[in-house]
Amino acid sequence: MKMSIAVTGALCAAAVTTAAIAAKPTTRNRAEIPAEFRWDFSAIYPSWAAWEEGMKEMDARMDAFVKLQGTLAQGPEALLKVYQSFDEIGKLQYRLYRYPQLQRDVDTRDQAVAGRFQRMNAVFAKFDTASAWFTPELLKIPEATATAWLAQTPALAPYRFPILDAYRRKAHVLDDKGERLLSLAGQFNDVPQSIYQELSTSDIKFPSLRLEDGSEVVLSPGNYAALLEKNRNQAERGKAAAAHVGTYGATAHTYAAIYNGTLQRDWYLARSRNFETTLDAALDGNAIPPAVVETLIEATRAGSAPFQRYARLRQKLLGLPSYHLYDAFQPIFRTDKSYPFEQARELALASIAPLGDDYVTKYKRFVSGGRIDLYENDGKRSGAYSAGVYGVGPYMLMNYNDTLDAAFTLAHEAGHSMHTVLSYETQPFVTAGYTIFVAEVASTINERFLLDQMLKQTSDPKERFLLLQHAVDSIVGTFYTQVLFADFELRAHRLVEKGQPLTTDVLNKLYAGLLKEYWGDAVTVDDFYKWTWARISHFFNSPYYVYQYATCFASSAQLYSAMTTGSADSRKAATERYLTLLKSGGNDHPMTQLKKAGVDLTQRATIQAVIDQMDRLVAEMESEAAKIR
């Protein structure tokens, strides 16, 4: 049994005001940003001194837990005691981890906070080793005995799912010595990721590009993204892309060696636990059938026509003689329309009315202030997320900038937070954490509700086009692109499993070939894009992760359709099933949870529904574009 802290999801909002939020601050000095826009950490710990006391408590609890080794066979009360001890340690871990992590993220320059966060990571590693005995010892108890204990001991009921799931996975659990050896290799297993991180961030030197207007830009990731979006000169975009991606190509042999290390590690761990393939090993924890990933890839690759149709539409509207991957970020139409936070919040609130009064009330409480770190400040990390603290609630980070993207990001992350609210309210700690496999369902459904709300409020073809384009770009980024990535890493892992070489040339040809398979002749794939695999951090940091973005998107598309079409009774029933899913946390395998909600990801039709949705949206874009003068 291993503790983990989920990145997405979490909330149980403290009392907050519903008064109007003030205008966006003009300062980047965090101390000058009004308190309602900043996190209040006191609900986790009132001070660093209290956090230090928590660290001492953690040490004491870990020492006490180790002393429980050898007691499980004594009976159901002994088993209950160990699980309850796990719970208390897990709750404490949430607080100890989030307190420095959240504060680090709002000021990455604070080295004292960074040091405390590193201490917490070391504690996690220590507990993994200290608890390595538990599952092997549990599995020495006959399953029939454990089942009988569950039947006769009501207090064990919350642990039914994890106990029975441990027996399901018995064939892949080693004895206590084997589990301890694997746990000791935990930090070593992270070495390829650490090397990649240093090479791709600390040591990388991005080139400068002199533009035709005489200015010079360093092609860092941020500057590069901005150039692709803002520069109207296609030739300059092409030069920028060649230089930026070529920076990774210059050390591609090193990246290939690192990636080979990642794949070899995955293959070693799979075989050490008696799995036939790395895919089997990656999916077993959540009982996902390999056919889910294989069907996802096959159906998406076969359904690339709408993907290509969108590229052709963009080429036509941009008036380009040829269309390249570096043209994908150019706005077709530009707008000065802004979405201040208060407006975006009210739009989001109105959009989720179909989910019922209880959901809306809890949502309103959360987005009104108190748990959202809303605006940029110096030293704050980029991006957005929702992070949970069991017993406290979710903390949501944003860098809100009044754009359309920011409005949708608000809806997205608040969807995660509401998932956590409902899960925490309904589930005991042991089953409160939901899996990544279902996490993005709640966020993308809320985005779709927001899209509908915005489309209802405008008849302007340009504004409608931009809204539809946002939805299509979400499918491109969350579905098609992630499936292409999943296709690449599945093929790369299979090469290693067959003992075939994984050289730079092999990886280049594999990635370039996939680009051509998915994009067809709708895009000119420049040769330098063959090095793109070296830029994708997920390949190195979290193998077999990206496919879940696409499966979540497919699930949300089907659930949304069920909640918004058909008879009133069928819509109501679908909504109740969906809310039950959000309240289910991790009380069952995600595939089972989704089937109860009405989604079967083993069926090709579930994937085809996203492809069909993409085709309809592109057709609507074509229609709106024809009206714009």
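Definitions and cut-offs
Residues numbered from 1 in each chain as written. Predicted model: local features only at pLDDT ≥ 70, side-chain atom pairs only at ≥ 80, totals over all residues. Heavy atoms only, no water. Helix = DSSP H or I, 4+ residues; strand = E, 2+ residues; numbered from the N terminus. Rg over C-alpha atoms; globule rule 2.2 N^0.38 Å. Buried < 20%, exposed > 50% of the residue type's maximum accessible area, 1.4 Å probe, protein only. Contact = heavy atoms within 4.5 Å. Areas by Shrake-Rupley, 256 points an atom, 1.4 Å probe, with all protein chains shown as cover. Lys, Arg positive; Asp, Glu negative; His and termini not counted. Charge placed at Lys NZ, Arg CZ, Asp CG, Glu CD. Pairing = 2+ DSSP bridges. Axes fitted to C-alpha atoms, helices over the stretch in contact; angles between N-to-C directions. Phe/Tyr/Trp six-rings, centres within 6.5 Å; stacked < 30°, edge-to-face > 60°. Lys NZ or Arg CZ within 6 Å of the ring centre and 35° of its normal. 1 Å grid on protein atoms, 1.4 Å probe; cavity = no way out; pocket = protein on both sides within 12 Å on 5 of 7 lines; lining within 4 Å. Points joined across faces, edges and corners; volume = space filled by probe spheres on them. Nonpolar A, V, L, I, M, F, W, Y, C, P; charged D, E, K, R; others polar. Parallel < 35°, antiparallel > 145°, perpendicular 65-115°, else oblique. Salt bridge = Lys/Arg side-chain N within 4 Å of Asp/Glu carboxyl O. Core = buried A, V, L, I, M, F, W, Y, C linked by side-chain atoms within 4.5 Å. Patch = residues over 30% accessible without salt bridge, like charges linked within 9 Å, V, L, I, M, F, W, Y side chains within 5 Å. Expected span 1.5 Å × (residues − 1). Polar contact = N/O pair within 3.5 Å; in protein donor to acceptor, adjacent residues only side chain to side chain.

From N to C terminus, the protein includes 26 helices and 5 strands. Against the compact-globule benchmark of 25 Å for 629 residues, the protein has a radius of gyration of 25 Å, which places it among compact chains. Taken over the C-alpha atoms alone, the protein extends approximately 80 × 60 × 55 Å along its principal axes. Taking all 629 residues of the protein together, the buried fraction comes to 54%. Look at the contacts in the protein between residues 6 or more apart in sequence, and 77% of them connect residues 24 or more apart. As displayed, the protein has an accessible area near 26,500 Å², and 51% of this comes from carbon and sulfur atoms. Computed over 68 positive and 71 negative side-chain charges, the inter-centroid distance for the protein is 1 Å.

Okay, the sheet that holds strand β3 (residues 372–373) next. Strand order in the open sheet formed by 3 strands is β3-β5-β4, and the pairing between neighbours is mixed. Only two strands of the sheet have a single partner each, and these edge strands are β3 and β4 (385–389). In this sheet, strand β5 (residues 393–397) lies alongside β4 in antiparallel orientation, the contact comprising 5 bridges. Bridge pairing in β5 places A387 opposite Y395. Of the strands in this sheet, β3, β4 and β5 are in contact with helix α2 (residues 76–106), which crosses β4 at around 150°.

Before going further, it helps to spend a moment on the packing of aromatic side chains. Geometrically, a pair of aromatic rings is defined through the distance of the ring centres and the angle of the planes. One pass over the structure, following the stated rule, counts 42 aromatic pairs. Considering the side-chain rings of Y248 and Y255, the 5.9 Å spacing of their centres and the 40° angle between planes classify their relative orientation as tilted. Its relative accessible area of 1% is what places Y255 among the buried residues. Centroid distance F449 to Y560: 5.5 Å. Interplanar angle 65°. Geometry classified as edge-to-face. Of this pair, F449 sits in helix α19 (residues 436–456) while Y560 sits in helix α23 (residues 547–564); the two residues are 111 residues apart in sequence, bridging distant segments of the chain. An identical accessibility class is assigned to F449 and Y560; each is buried. Feature note: the residues Y196, F206, Y248, Y255, Y259, F485, F488, Y511, F539 and F540 constitute an aromatic cluster, connected by ring pairs. If you follow R104 out to its NZ or CZ, it ends over the ring of F117, 4.2 Å from the centre. When the ring centre of Y395 is taken as reference, the NZ or CZ atom of R371 above it lies at 4.9 Å.

The next point concerns the layout of surface pockets. Rolled over the atoms, a probe with the dimensions of a water molecule shows which regions are left empty. Size it by volume and the second largest pocket reaches roughly 280 Å³. In terms of lining residues, the second largest pocket is bounded by 17 residues, among which R448, Y560, S561, Q613 and R616 are the most central. When contributions to the lining of the second largest pocket are tallied by element, the ones reaching two or more residues are α19, α20 (461–497), α23 and α26 (604–627). In the lining of the second largest pocket, the residues fall into 7 nonpolar, 5 polar and 5 charged.

This next bit is on unusual backbone geometry. Of note, the phi angle at N274 is positive, near 70°, even though the residue is not glycine. Tracing the backbone shows N274 in the loop between α12 (252–272) and α13 (278–284). Its identity as a non-glycine residue notwithstanding, A287 has a phi of 55°, on the positive side. Here A287 shows up in the loop between α13 and α14 (290–302). A relative accessible area of 26% means that A287 is categorised as partly exposed.

Running from N to C, helix α18 (residues 404–426) and helix α24 (residues 568–583) cross one another at 70°; their axes reach a closest spacing of 7 Å. Between α18 and α24, the crossing angle belongs to the class labelled roughly perpendicular. Along its contact with α18, which presents H419, L422, S423 and T426, the element α24 presents L579, L581, L582 and K583. For the contact of α18 with α24, the residue count by class is 4 nonpolar, 3 polar and 1 charged.

Moving on: the pattern of salt bridges. Side chains that carry opposite charge are capable of pairing whenever their charged atoms lie near each other. Evaluated as defined, the whole model comprises 36 salt bridges. One network of salt bridges, in which partners are shared, links D165, R168, R169 and D284.

As a further point, take empty space enclosed by the protein. Applying the stated criterion across every chain yields a total of 4 cavities of 30 Å³ or more. In this structure, the largest cavity encloses a volume near 210 Å³. Taken together, the elements giving at least two residues each to the lining of the largest cavity come down to α19, α20, α23 and α26. Classifying every residue of the lining of the largest cavity by side-chain character gives 8 nonpolar, 5 polar and 2 charged.

What follows is about the nonpolar core. Counting residues in each nonpolar core, the largest one holds 152 residues, and the members touching the most others are Y400, Y529, W533 and Y578. Of the residues forming this core, the biggest block, 19 residues, is contributed by α20. If sequence neighbours within four positions are ignored, W533 has contacts with A252, Y255, A256, F488, T504, L507, N508, Y511, F539 and F540. Counting residues in each nonpolar core, the second largest holds 55 residues, with V123, A387, Y395 and L397 among its members.

Here the focus is a nonpolar patch on the surface. The grouping of F188, V191 and I195 at the surface amounts to a nonpolar patch, some 290 Å² of accessible area in total. Structurally, F188 can be placed in helix α8 (residues 186–189). Judged by its relative accessible area of 60%, F188 falls in the exposed class.

Further remarks concern the packing of helix α1 (residues 48–66) against helix α3 (residues 111–130). For the pair α1 and α3, interaxial distance at closest approach is 11 Å and the crossing angle is 10°. In terms of axis orientation, α1 runs roughly parallel to α3. Across from W48, W51, E52, M55, M58, D59, M62, F65 and V66 in α1, the residues of α3 making contact are V113, R116, R119, M120, V123, K126, F127 and A130. Residue composition of the contact of α1 with α3, by class: 12 nonpolar, no polar and 5 charged.

Position of V173 among the secondary structure elements: in the loop between α6 (160–168) and α7 (176–184). Among all residues touching V173, those that are not within four sequence positions of it are T135, P136, L139, E179 and R273.

As a further point, take α19. An ideal rise of 1.5 Å per residue puts 30 Å on 21 residues; α19 measures up with 32 Å between its terminal C-alpha atoms. With 17 of 21 residues buried, α19 is to be regarded as a mostly interior element.

Let's shift gears to the side chain of S443. Its place among the elements puts S443 in helix α19. For S443, a relative accessible area of 0% puts it in the buried group. Among the polar contacts made by the side chain of S443, one reaches the side chain of H416 at a distance of 3.5 Å. Beyond its immediate stretch of four places on either side in the chain, S443 contacts A411, H412, G415 and H416.

Keep in mind that these numbers describe shape and distance, not what the molecule does.
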